[in-house]
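# Analysis of the macromolecular model
These are the residues of each chain, in order.
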Amino acid sequence: MKRATLVADQLFPPDDAPPPWPGRPVLLDGSVMYVRDTPATTAGAEPALYVHGLGGSSTNWTDLAGLLAHRLDGQAIDLPGFGRSEPVRSYSIPAQAARVVRWIEYSDRGPVHLFGNSLGGAIAVRVAGTRPDLVRTLTLVSPAMPFLDPRRSVQSRMLPLLAVPLAERLAAWQLAKITPEEMARQVTAACFADPSRVSEQRRREAIEELKLRYELDHYVASYLRTFRGLISSFLRAYLPGAGSQWRIAAQVGAPTLVIGGRQDRLVDIRVVPQVARTVPDSRLLILDGVGHVAQMEVPRMVARAVVALLDEVGHRVDAR
């Protein structure tokens, strides 16, 4: 593990806040996966794939993908049951990782620069650790790797719900009592250290996306089943066997950037340096005054660290 470096902020254009990148539904193995493309702005850009967190969507990467478009030809996917992707039968971490692997194979863009936030970070670790041929570099933003102290996450209040019969109906009933505007406020407060960093445009977009979720009959079930799959990966991580997320992290061979916000309320901040210590070729960046979604809260800072990683890896290739 070493400290991450940053390129100059002046390498990036002024703050722009583009609208969500255009998306398209793709039929993959019998169910629809929704994909947003952030086309490269320069020749020779390399392929990138962005994977969002629990309850998020491909729009969580709008700003970062735009800032990196001069280096990366980006695609961001909606995980099954989220955004505009259809639900599937299994929401376990291995099943989610297999879905990402299938997309990389199907799109024929690998190896990719793989990005993951929160749940997406856990999925990305599994992809990089089990299919190194598909990953050029790995960037993890507050990865939801296993920790066993529920007091370190505001999502711990949902744990009892997983054991309640008919939990999906109960959660849907509770959700119906909260307006999309109030839900957007609650999500922002949980994910951002400084909610004032959310522009009015991004707030309106978040509300519109939440309205879509309210219209989808499968959303609550997908959320709870994905959450259950994530918690299962936490418990299995400390049992014998090759399926442990920590054992898989130790197998990651790709150059890796691990980023965490010191004010993260969802993932124990102590997990972030642990990930960096576990992944052999890693760089660590801890950001003060930042929460769970650094790629949304301080996208320019994240982009500076990513480009530094790309430059480092590029210099390695040139030196051969």
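For the structure, check the block above.
My aim in this report is to walk through the structure given alongside it, one point at a time.

So, how was this worked out
Residues numbered from 1 in each chain as written. Predicted model: local features only at pLDDT ≥ 70, side-chain atom pairs only at ≥ 80, totals over all residues. Heavy atoms only, no water. Helix = DSSP H or I, 4+ residues; strand = E, 2+ residues; numbered from the N terminus. Buried < 20%, exposed > 50% of the residue type's maximum accessible area, 1.4 Å probe, protein only. Pairing = 2+ DSSP bridges. Contact = heavy atoms within 4.5 Å. Axes fitted to C-alpha atoms, helices over the stretch in contact; angles between N-to-C directions. Phe/Tyr/Trp six-rings, centres within 6.5 Å; stacked < 30°, edge-to-face > 60°. Lys NZ or Arg CZ within 6 Å of the ring centre and 35° of its normal.

### Describing unusual backbone geometry
The peptide bond linking Gly110 to Pro111 adopts the cis configuration, its omega dihedral lying at 0°. The phi angle at Asp108 is positive, at roughly 55°, despite the residue not being glycine. Relative to the helices and strands, Asp108 resides in the loop between α2 (93-107) and β6 (112-117). Overall, Asp108 belongs to the exposed group, its relative accessible area being 67%. Despite not being glycine, Ser142 has its phi angle at roughly 45°, a positive value. Considering the arrangement of structural elements, one finds Ser142 in the loop between β7 (135-141) and α4 (167-176).

### Thoughts on the pairing of strand β3 (residues 31-38)
The two faces of the sheet receive side chains in turn, since in a regular strand these alternate between them. Burial analysis of β3 places 8 of its 8 residues in the buried class, which makes it a mostly covered element. Neither face of β3 is open: one carries Ser31, Met33, Val35 and Asp37, the other Val32, Tyr34, Arg36 and Thr38, and all of them are buried. As paired elements, strand β2 (residues 23-28) and β3 share 6 bridges and run antiparallel to each other. In the strand pairing of β3, Leu28 is matched with Ser31.

### Focus: the sheet that holds strand β9 (residues 282-287)
Two pairing modes exist for strands in a sheet, parallel and antiparallel, and in both the strands are linked by backbone hydrogen bonds. Pairing is mixed in the open sheet, where 9 strands are placed in the order β1-β9-β8-β7-β6-β4-β5-β3-β2. On the outer flanks of this sheet lie β1 (2-3) and β2, each paired with one strand and no other. Contacting β2, β3, β4 (46-51), β5 (72-77) and β6, α2 crosses the sheet at an angle of about 100° to β2.

### So, the packing of aromatic side chains
Within this structure, the stated rule accounts for 8 aromatic pairs. Summarising the aromatic geometry, the rings of Trp61 and Phe115 are spaced 6.3 Å apart at their centres and angled 70° between planes, so their arrangement reads as edge-to-face. Remark: Phe115 occurs in strand β6 and Trp61 occurs in the loop between β4 and α1 (62-67); sequence separation between them is 54 residues. Assessed through its relative accessible area of 1%, Phe115 is described here as buried. Centre to centre, the rings of Phe147 and Phe234 are 5.3 Å apart; their planes meet at 55°, and the pair counts as tilted. Of this pair, Phe147 sits in the loop between β7 and α4 while Phe234 is found in helix α7 (residues 219-236), placing the two residues 87 residues apart along the sequence. Taken individually, Phe147 and Phe234 each receive the classification buried, so the pair is uniform in this respect. Within the aromatic cluster, the residues linked to one another by ring pairs are Tyr50, Trp61 and Phe115. Its guanidinium or amino end placed over the ring of Tyr34, Arg84 lies 5.8 Å from that ring's centre, counting from NZ or CZ.

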